[in-house]
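Geometric and topological summary
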Amino acid sequence: MTSLQGEGLPRFAKYQAMGNDYLVVDPEDALPAAPATAVAMCDRHFGIGADGIVFRGPPAGAGQPMPVRLFNPDGSPCERSANGLRILALHLSRGGGTEFVLDTGFGHTSVRVLDRSTGLVSIDLGRPDFDADAVGLVGGSGPVVDHPLPVAGRTLRVTCVHNGNPHAVVVLPADDESAARELGPLIGRHSAFRTRVNVEFAVVRDRSSLKVVVWERGAGPVLASGSGACAAAAAVRRLGLVGDEVDVRMRGGAVTVSVDAGGAVRLTGPVEEVGTGRVSAGLAARAGRPTRPVPTSSSS
């Protein structure tokens, strides 16, 4: 007996970048690009499970950027995810092409697949913005560099960066992942910021390498973050502690972050396809896609 029960249900693809995993949904699969879809699909117990989801828009015209929507697993919108967009670029390269301009609704981003076989993908994030207004610091003005922030009875020094998302970077003298887990949500949801911020805890190993632990505002602790790696490298460079090219090692792996003569930041690192599949009828319904009875056939 042959079952066709999966036919007609939406497909998905799953990728990871240093353990930072994302689901990719193509427009023909008709899953709504909405918070409820992200929550249902990204749930690690009742869904597929991921740190975020990328909805690809319809093909763009010649020379036009491709529209993209990104969501965090809690359903909040993600302005720009460096890993999520690098993942999408590798996904798109299956249909041909290696260079893509993606429009998340918060600006255009250039992404390049350098080696399809190894999944090496780079992304240009432009010049980081350290201004208080850009990062949403309440009552602040000018660059937020080595800024005192009271947290849980102590004063931390934070350097804030906006590179498509808002980040607060704390430089630690040594590895302390327990402190990162404790302090991440306290900084990320701090009343000093108008909106939640991503938080990176950086340990400077030498002039060309960092170790970074990331707490994301829509996902909590993650194994890696592309925009977080770039924010940490940009912040530590602004403090004069590293040079123009830095290897950033996170719990899930490492990437290279470089800064050109004009101050623009580029990240280069690996992406891997995990697998593809179809969403079940139950999950599709929870994700907001109407379902219809699926025919079955048999043969003997």
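All residue numbers refer to positions counted from 1 along the written sequence of the respective chain. At least 70 in pLDDT is required for a residue's local features to be given in this predicted model, at least 80 for side-chain atom pairs to be given and counted, and no such filter applies to totals for whole chains, interfaces and linings, which use all residues. The basis for the side-chain values is all heavy atoms of the structure; hydrogens and waters are excluded.

**Topic: the UniProt feature "binding site: substrate" (unreviewed entry) in the protein**
The residues that UniProt annotates with the feature "binding site: substrate" (unreviewed entry) are Asn20, Asn72, Asn165, Asn198, Glu216, Arg217, Gly226 and Ser227. None of the other annotated residues line the largest cavity; only Asn20, Asn72, Asn165, Asn198, Glu216, Arg217, Gly226 and Ser227 do. Tracing the sequence through the fold places Glu216 in strand E12 (residues 209-216). What counts as a helix is a DSSP run of H or I of at least four residues, what counts as a strand is a run of E of at least two, and both are numbered from the N terminus. Residue placement: Ser227 occurs in helix H5 (residues 226-238). Apart from the residues lying within four places of it in its own chain, the contact partners of Ser227 are Arg80, Ala82, Leu125, Asn163, Asn165 and His167. UniProt positions are given in the numbering used here, feature names are shortened, and annotations may be inferred rather than shown by experiment. Here the term cavity refers to a set of points on a 1 Å grid, laid over the protein atoms alone, in which a 1.4 Å probe fits but cannot get out; the term pocket refers to an open set having protein on both sides within 12 Å along at least five of seven lines, with lining residues being those that place an atom within 4 Å of a point. In this description, contact between two residues means that some pair of their heavy atoms is separated by no more than 4.5 Å.

**Topic: the pairing of strand E2 (residues 20-25)**
With six of six residues buried, E2 is to be regarded as a mostly interior element. Burial along E2 is two-sided: Asn20, Tyr22 and Val24 facing one way and Asp21, Leu23 and Val25 facing the other are all buried. The criterion for strand pairing is that DSSP finds at least two bridges linking the strands in question. Of the strand pairs in this sheet, strand E1 (residues 11-17) and E2 are connected by five bridges, and their pairing is antiparallel. For Ala17, the partnering residue across the bridge sits in E2 and is Asn20. Using a 1.4 Å probe on the protein chains alone, a residue whose accessible area is under 20% of its type maximum counts as buried, one over 50% counts as exposed, and one in between counts as partly exposed.

**Here we look at the environment of Pro58**
Among the structural elements, Pro58 can be located in the loop between strand E3 (52-56) and strand E4 (66-71). Given a relative accessible area of 52%, Pro58 falls into the exposed group. When the C-alpha atoms of Pro58 and Val68 are compared, they prove to be 9.0 Å apart, with 10 residues separating the residues in sequence. Among all residues touching Pro58, those that are not within four sequence positions of it are Pro27, Met66 and Pro67.

**So, empty space enclosed by the protein**
One water molecule sets the probe size; rolling that probe over the atoms shows where empty space is left. Grid points are joined across faces, edges and corners, and a volume is the space filled by probe spheres set on the points. The full count for this structure, using the stated rule, is five cavities of 30 Å³ or more. The volume enclosed by the largest cavity comes to roughly 130 Å³. Every residue lining the largest cavity is counted, 19 residues in all, and those nearest its centre are Cys78, Asn165, Asn198, Glu216 and Ser227. Sorting the residues of the lining of the largest cavity by element identifies E2, helix H2 (82-93), strand E11 (198-206) and H5 as the ones contributing at least two each.

**Let's talk about the pairing of strand E7 (residues 120-126)**
Bridge analysis of strand E6 (residues 108-115) against E7 gives five bridges, and the strand direction is antiparallel. Note that in E7 the partner of Val111 across the bridge is Ile123. Here E6 folds back onto E7, and the loop between the two strands holds four residues, one of which, Gly119, carries a positive phi near 75 degrees. In the sheet, E7 pairs with strand E16 (residues 265-270) via six bridges, with the strands oriented antiparallel.

**Some points on the environment of Val144**
By secondary structure assignment, the location of Val144 is in the loop between helix H3 (132-135) and strand E8 (147-151). Judged by relative accessible area, Val144 falls into the buried class, the value being 3%. Separated by 47 residues in the primary sequence, Val144 and Gly97 have C-alpha atoms spaced 39 Å apart. When sequence neighbours within four positions are dropped, the list of residues in contact with Val144 reads Phe130, Asp131, Ala132, Val135, Leu137, Val158, Thr159 and Cys160.

**Some remarks on the layout of surface pockets**
Its volume calculated, the largest pocket comes out at about 150 Å³. Glu99, Phe100, Val101, Ser110, Val111, Arg112, Leu114, Ser122, Ile123, Asp124, Arg266 and Thr268 are the residues that line the largest pocket. Listing elements by their share of the lining of the largest pocket, those giving two or more residues are strand E5 (99-103), E6, E7 and E16. Considering each element in turn, the lining of the largest pocket owes the most residues, four residues, to E6.

**Digging into unusual backbone geometry**
Phi at Ala30 is positive, roughly 60 degrees, even though this residue is not glycine. Structurally, Ala30 can be placed in the loop between E2 and helix H1 (35-42).

**A few points about the pattern of salt bridges**
Note on definitions: salt bridges are taken to be side-chain nitrogens of Lys or Arg within 4 Å of carboxyl oxygens of Asp or Glu. With the rule as written, the count across this model stands at 14 salt bridges. Of the charged contacts in the structure, one is a salt bridge between Asp26 and Arg56, with a shortest N-O distance of 2.9 Å. You can see Asp26 sitting in the loop between E2 and H1 and its partner Arg56 sitting in strand E3, a full 30 residues away along the chain. Between Asp74 and Arg196 there is a salt bridge; the shortest N-O distance is 3.3 Å. Highlighted residues: Asp74 in the loop between E4 and H2 and Arg196 in the loop between helix H4 (177-188) and E11, separated in sequence by 122 residues. Looking at Asp74, the relative accessible area reads 39%, which means it is partly exposed. What makes Arg196 partly exposed here is its relative accessible area of 30%. If you follow the salt bridges from partner to partner, you end up with Lys14, Asp21, Arg44 and Asp51 in one network.

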